[in-house]
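Chain residues, written in single-letter form:
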Amino acid sequence: MSKNSYRIYDTTIYYRNNTVEAPNGLDSWRFKYPHFGTLHRIFNMLRAEGFSIENDAEVAKCIRRDYYIGRRGDLELYAHRYPAGFEIMFFQNVVIENKSGGRYDFDKFQKMPYMIRLRFMKYRDKIIALLKSVEDLKDESKADPRLAEEWIKARYVEEWHHEQKDMNFLLSDLDGQTQESYNGRDRDEKTLHNGDVKYFRHWDGRLYRGRVYHNINNMWWVILGRFTVRNVASFELFDLTPEDNRRRQAKPRIPEAYQKRRQAIEDTKTRELVNELRRRGVKVG
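## Section: the side chain of arginine 81
Then, number 1: One can find arginine 81 in strand 5 (residues 75–82).
Then, number 2: At 2.6 Å, the side chain of arginine 81 and the side chain of aspartate 66 are in polar contact.
Then, number 3: Among residues more than four places away in sequence, those in contact with arginine 81 are Phe36, Leu39, His40, Arg65, Asp66, Tyr68 and Phe86.

Pasting the structure below:
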């Protein structure tokens, strides 16, 4: 007998409806699925905990009733419901890498400051407890070991593009393996191998060093310690040279006004620039 299910990945909780379909002859968008009510029970619980939750005003009005945003302090959430289930994603905008905000960052859990992370874990556990109190659910969450090497091994087992079928292998067994040149070259065009020790500069400007193992496409896992893994593009990895700055290096910030002026110049035709210089009395050869 099929069951409804849930899974947790990073900071997102996914609920899957495997049992209820809309009746024949009735458009599914008109049908009130039971899990719609479950989602609102979760919202009511979160509101009682201090969250403000409302429909996402940035979504088109015709579908807005299925999209939600919420917030309590620095912890924010985005939720979406649909016939096959719903999802609730938590994020923050204190420590971010993506210029569009924390909602679009990878590794949301690892980027969360300590107190925000604890708050997220509290509400994650409350949501799962509520779901289990409503019905008998199947847990389809991915394995999430604490140790960095075990965590990468679990990803290898779960993802189709790796050949491993279980955890009965050593990560060091993969040392020396490489990838096609378009996915396996570092910043200096050196070939990357599983187990190599490489450097990269993190989004916070700090220099980090760790062992690398291929993830997918041109992305590589980097083990920074017993418990910490980062997902880094191949072209961001390198061997440290005397020319590299070993100190923290903030990303250059170009003033917006300057960027606009530079873009305007680039968009202007050469002839127009020449005419403008002549109009100003500048001799142009």
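## Quick look at unusual backbone geometry
Then, number 1: Although it is not a glycine, glutamate 189 sits at a positive phi angle of roughly 65 degrees.
Then, number 2: Classification of glutamate 189 by relative accessible area gives exposed; the value is 54%.
Then, number 3: Of note in the backbone geometry, asparagine 217 takes a positive phi value of approximately 50 degrees without being a glycine.
Then, number 4: Turning to its location among the elements, asparagine 217 is positioned in the loop between strand 9 (207–216) and strand 10 (219–223).

## What about helix 4 (residues 148–158)?
Then, number 1: All buried positions along helix 4 are accounted for by Ala148, Trp151, Ile152, Lys153, Ala154, Arg155 and Tyr156.
Then, number 2: Buried residues along helix 4 sit against strand 9, strand 10 and strand 11 (229–233).

## Details of the sheet that holds strand 9
Then, number 1: Read from one edge to the other, the open sheet built from four strands follows the order 8-9-10-11, with strand pairing classed as antiparallel. Of all strands in the sheet, those bounded by a partner on one side alone are strand 8 (197–201) and strand 11. Taken pair by pair, the neighbouring strands of this sheet meet at an average axis angle of 50 degrees, ignoring direction.
Then, number 2: The pairing of strand 10 with strand 11 spans five bridges and is classified as antiparallel. Paired with valine 222 across the two strands is arginine 230, which belongs to strand 11.
Then, number 3: Contacting strand 9, strand 10 and strand 11, helix 4 crosses the sheet at an angle of about 155 degrees to strand 10.

## Looking at the sheet that holds strand 7 (residues 138–139)
Then, number 1: One open sheet accounts for seven strands, arranged 3-4-5-6-2-1-7; its pairing is mixed. Each edge of the sheet is formed by a strand with only one pairing partner; in this case those strands are strand 3 (52–55) and strand 7.
Then, number 2: The sheet contact formed by strand 4 (residues 67–72) and strand 5 spans six bridges and is antiparallel. Bridge pairing in strand 5 links arginine 72 to leucine 75.
Then, number 3: Helix 1 (residues 34–48) contacts strand 2 (12–16), strand 3, strand 4, strand 5 and strand 6 (85–91) of the sheet and is inclined by roughly 165 degrees relative to strand 5.
Then, number 4: Across the sheet, helix 3 (residues 114–134) is in contact with strand 1 (5–9), strand 2, strand 4, strand 5 and strand 6; its angle to strand 6 comes to roughly 165 degrees.

## Side note on the side chain of asparagine 17
Then, number 1: Positionally, asparagine 17 belongs in the loop between strand 2 and helix 1.
Then, number 2: Using a relative accessible area of 9% as the deciding quantity, one classes asparagine 17 as buried.
Then, number 3: Only 2.8 Å separates the side chain of asparagine 17 from the backbone oxygen of valine 20, close enough to count as a polar contact.
Then, number 4: Of note is the side chain of asparagine 17, whose polar atom sits 3.0 Å from the backbone oxygen of proline 83.
Then, number 5: Not counting residues within four places of it along the chain, the set of residues in contact with asparagine 17 comprises Asn4, Tyr33, His35, Pro83, Ala84 and Gly85.

## Some points on the pairing of strand 1
Then, number 1: Summarising the sheet, strand 1 and strand 2 pair through five bridges and their orientation is antiparallel. Bridging from a neighbouring strand, isoleucine 8 pairs with isoleucine 13 of strand 2.
Then, number 2: Between the end of strand 1 and the start of strand 2, which pair antiparallel, lie two residues, with aspartate 10 showing a positive phi angle near 55 degrees.
Then, number 3: Of the pairings in the sheet, the one linking strand 1 to strand 7 comprises two bridges and is parallel in character. Of the residues in strand 7, the one forming a bridge with tyrosine 6 is aspartate 139.

Each value, and the rule that gives it
- Residues numbered from 1 in each chain as written.
- Predicted model: local features only at pLDDT ≥ 70, side-chain atom pairs only at ≥ 80, totals over all residues.
- Heavy atoms only, no water.
- Helix = DSSP H or I, 4+ residues; strand = E, 2+ residues; numbered from the N terminus.
- Polar contact = N/O pair within 3.5 Å; in protein donor to acceptor, adjacent residues only side chain to side chain.
- Contact = heavy atoms within 4.5 Å.
- Buried < 20%, exposed > 50% of the residue type's maximum accessible area, 1.4 Å probe, protein only.
- Pairing = 2+ DSSP bridges.
- Axes fitted to C-alpha atoms, helices over the stretch in contact; angles between N-to-C directions.

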